Amino acid sequence: MISADLKEQYYEALVAKDSEYEGLFYVGVRTTGVFCRPTCPARKPKFENCEFYETAQQALLASYRPCQRCRPLSHPNQVSDVVRLLVEAVERNPEKRWKGQDFKALSIDESTARRQFKKRFGMTFVEYARARRMGLALKNIRSGRTVIDSQLSTGYESSSGFRDAFSRIMGAAPTQVHEGQVLKASWIDTRLGPMMAIADDEALYLLEFVDRRGLEREVERLRKRTKSAIVPGTTAPIQSIERELNEYFQGKRTAFDTTLFCLGTLFQKQVWEQLMAIPAGETRSYQEIANALGKPTACRAVAQANGANQLAIVIPCHRVINASGELGGYGGGLTRKNWLLTHEKQQKQGSRKERK
């Protein structure tokens, strides 16, 4: 049963289209007979015409049908047909340089493609396709092809134009790529909203909710510290964490096996090890973490290390709360933090009942 105070909180989130509440509630609109997710773009109903539910199934059982605009039965911001068609087209010919007639051949409006790619990937379609071409060029150069060959294969007649575009996307000139590495960035849909995963072929480097404040700075900092190019794509660790996240949200997993690459100071890594030692369904205070490290006066430093964690959920910084019992901060938002803690407590209680 949802309390009156929580209903008011949910209504405020609905009016604000607050993505932090994705997956936490659904709203049934009495006047239309449909139910929506919190970020639905449709005009907002009056409070007295709203009924709030914790799951889509509850809304369906209350005789509401899913909204055709926000599609509450799919993942938040699930890929549109336009994005899917264009991504598939790029993968069929990743070296292609797109022109106006190419969009017309697919019956896709260029401005629609630009807008939808910007919303989903943080870059326009042209930027996406260019990054994909450059990623392929980088692979060719590292495998022994000359810079001029890669330049021509990606459609650049001017070497200076190729170098400028390459450096802008990859963060390094073509002749320097042998010294660096490539990281792949992929979008993962979850119940609580989309997340960005960045990994190489061996380990996961970053996992964050895409609406986290400062995510662009995190990605740029990661690129500079690893001296890497970051391009669209997927790797075995990304596929692994996507599968494990699905199991986690389904209540079938409490710990993760995907190989991680933790980029931090010795102290930060010690804090993160303590976080991973907190059992699911339990919490620790910043002071308790500091005490466990043998540094009882380092409470503030522990909090800073907690906030520097770039592997949300997997390194469970959401399990650290204030000594007063209040939730404290969380990069993904306190609403998500509360949901994650509640979810894990319910899993723990469920496993206890099964053992009995």
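Structure's up top.
We now turn to the structure provided with this report. Per chain, residues are indexed from 1 in the order of the written sequence. Local features in this predicted model are restricted to residues of pLDDT 70 or higher, and side-chain atom pairs are both shown and tallied only at a pLDDT of 80 or more, whereas totals for entire chains, interfaces and linings draw on every residue. Derived side-chain values reflect all non-hydrogen atoms in the structure, with water molecules and hydrogen atoms excluded from consideration.

**Remarks on the packing of aromatic side chains**
Move 1: Put simply, two rings from Phe, Tyr or Trp (the six-membered ring, in Trp's case) pair if the centres are within 6.5 Å, and we call them stacked under 30 degrees between planes, edge-to-face over 60, tilted for the rest. Under the counting rule described, the total for this entry stands at 16 aromatic pairs.
Move 2: Relative to Phe52, the ring of Phe25 lies with its centre 5.7 Å away and its plane at 70 degrees, an arrangement referred to as edge-to-face. Here Phe52 lies in strand S3 (residues 50-53) and Phe25 lies in the loop between helix H1 (4-16) and strand S1 (26-29), a separation of 27 residues in the sequence.
Move 3: When a residue's accessible area, from a 1.4 Å probe over protein chains only, is under 20% of the maximum for its type it is buried; when over 50% it is exposed; and in between it is partly exposed. Overall, Phe52 belongs to the buried group, its relative accessible area being 8%.
Move 4: Here a set of aromatic residues connected by ring pairs shows up, and it is made of Tyr10, Tyr21, Phe25 and Phe52.
Move 5: By definition here, charges over rings are those cases where NZ of Lys or CZ of Arg is within 6 Å of the ring centre and within 35 degrees of the ring normal. Note that Arg336 overlies the ring of Phe209, its terminal NZ or CZ placed 4.1 Å from the centroid. Labels follow the DSSP assignment, with helices taken as runs of H or I lasting at least four residues and strands as runs of E lasting at least two, numbered in each case from the N terminus.

**What to know about the environment of Asp189**
Move 1: As for its position among the elements, Asp189 is in the loop between strand S5 (181-188) and strand S6 (195-199).
Move 2: Taking the C-alpha atoms as reference points, Asp189 and Ser74, separated by 115 residues in sequence, lie 9.5 Å from one another.
Move 3: Any N or O atom pair separated by 3.5 Å or less is treated as a polar contact, with the protein-specific requirement of one donor-capable and one acceptor-capable atom, and with residues adjacent in sequence counted only for side-chain atom pairs. At a separation of 3.0 Å, a polar atom in the side chain of Asp189 contacts the side chain of Trp187.

**Description of the side chain of Ser285**
Move 1: Turning to its location among the elements, Ser285 is positioned in strand S9 (residues 284-285).
Move 2: The contact criterion used is simple: two residues touch if any of their non-hydrogen atoms lie within 4.5 Å. Apart from residues lying up to four places away in sequence, Ser285 is in contact with Val320, Ile321, Asn322 and Ala323.

**Quick look at the layout of surface pockets**
Move 1: With a 1 Å grid spanning the protein atoms alone, the term cavity applies to any set of points in which a 1.4 Å probe fits but cannot get out, the term pocket to an open set with protein on both sides within 12 Å along at least five of seven lines, and the term lining residue to any residue with an atom within 4 Å of a point. Grid points are joined across faces, edges and corners, and a volume is the space filled by probe spheres set on the points. One number sums up the size of the second largest pocket: a volume of about 470 Å³.
Move 2: Those elements that place two or more of their residues in the lining of the second largest pocket are H1 and helix H14 (334-355).
Move 3: Considering each element in turn, the lining of the second largest pocket owes the most residues, 7 residues, to H14.
Move 4: A class-by-class count of the residues in the lining of the second largest pocket yields 6 nonpolar, 8 polar and 2 charged. Ten residues, namely Ala, Val, Leu, Ile, Met, Phe, Trp, Tyr, Cys and Pro, are considered nonpolar, four, namely Asp, Glu, Lys and Arg, are considered charged, and the remaining ones, Gly among them, are considered polar.

**So, the sheet that holds S1**
Strands in a sheet are paired, the pairing made by backbone hydrogen bonds, and the direction either parallel or antiparallel.
Move 1: What the 4 strands build is an open sheet, ordered S3-S1-S2-S4; its pairing is mixed. Whereas interior strands pair on both sides, the edge strands pair on one side only; in this sheet they are S3 and strand S4 (65-66).
Move 2: As defined by bridge partners, S1 adjoins S3 across 4 bridges and the pair is classed as antiparallel. Bridge pairing links Val29 to Cys50 in S3.
Move 3: Only the stretch in contact is used when fitting a helix axis, every axis being a line fitted to C-alpha atoms; angles between N-to-C directions are given from 0 to 180 degrees. Against the sheet, H1 makes contact with S1 and S3, and its axis sits at roughly 105 degrees relative to S3, the strand it touches most. For two strands to be treated as a pair, DSSP must find no fewer than two bridges joining them.

**Regarding the packing of helix H11 (residues 266-276) against helix H13 (residues 299-307)**
Move 1: Between H11 and H13, the least distance of the axes is 9 Å, while the angle of their chain directions is 80 degrees. Classified by the angle their axes make, H11 and H13 are roughly perpendicular. Residues Phe267, Gln268, Val271, Trp272 and Leu275 of H11 form the contact with H13, whose own contacting residues are Ala301, Val302, Ala305 and Asn306.
Move 2: Partitioning the contact of H11 with H13 into residue classes produces 7 nonpolar, 2 polar and no charged. The cut-offs work like this: below 35 degrees is roughly parallel, past 145 is roughly antiparallel, 65 to 115 is roughly perpendicular, and the gaps in between are oblique.

**Quick look at the pairing of S6**
Move 1: In terms of burial, S6 is a largely internal element, 4 of the 5 residues being buried.
Move 2: Pairing of S5 with S6, which is carried by 5 bridges, proceeds in the antiparallel orientation. Following the sheet pairing, Ala185 is matched in S6 by Ile198.
Move 3: Following S5, the chain reverses through 6 residues before pairing antiparallel with S6; Gly193 in that reversal takes a positive phi of roughly 115 degrees.
Move 4: The pairing of S6 with strand S7 (residues 204-209) spans 5 bridges and is classified as antiparallel.

**Section: the pairing of S7**
Move 1: The buried fraction of S7 is high, at 6 of 6 residues.
Move 2: In textbook terms, the turn of a hairpin is the stretch between consecutive antiparallel strands, and for S6 and S7 this stretch comprises 4 residues.

**With respect to helix H9 (residues 215-226)**
Move 1: By this rule the span expected of a helix is its residue count minus one, scaled by 1.5 Å. In a regular helix each residue adds 1.5 Å, so 12 residues correspond to 16 Å; H9 covers 16 Å between its end C-alpha atoms and thus fits that length.
Move 2: If you check which residues of H9 are buried, you get Leu215, Glu218, Val219, Leu222, Arg223 and Thr226. Along the axis of H9, the buried residues cluster in a sector spanning 135 degrees; they form a single face. Summarising the geometry of H9, the exposed residues directed more than 90 degrees from the buried face are Glu216, Arg217 and Lys224.
Move 3: Residue Lys227 follows H9 closely and has a positive phi angle near 50 degrees. In this context, the arc is that of the directions from the helix axis out to the C-beta atoms.

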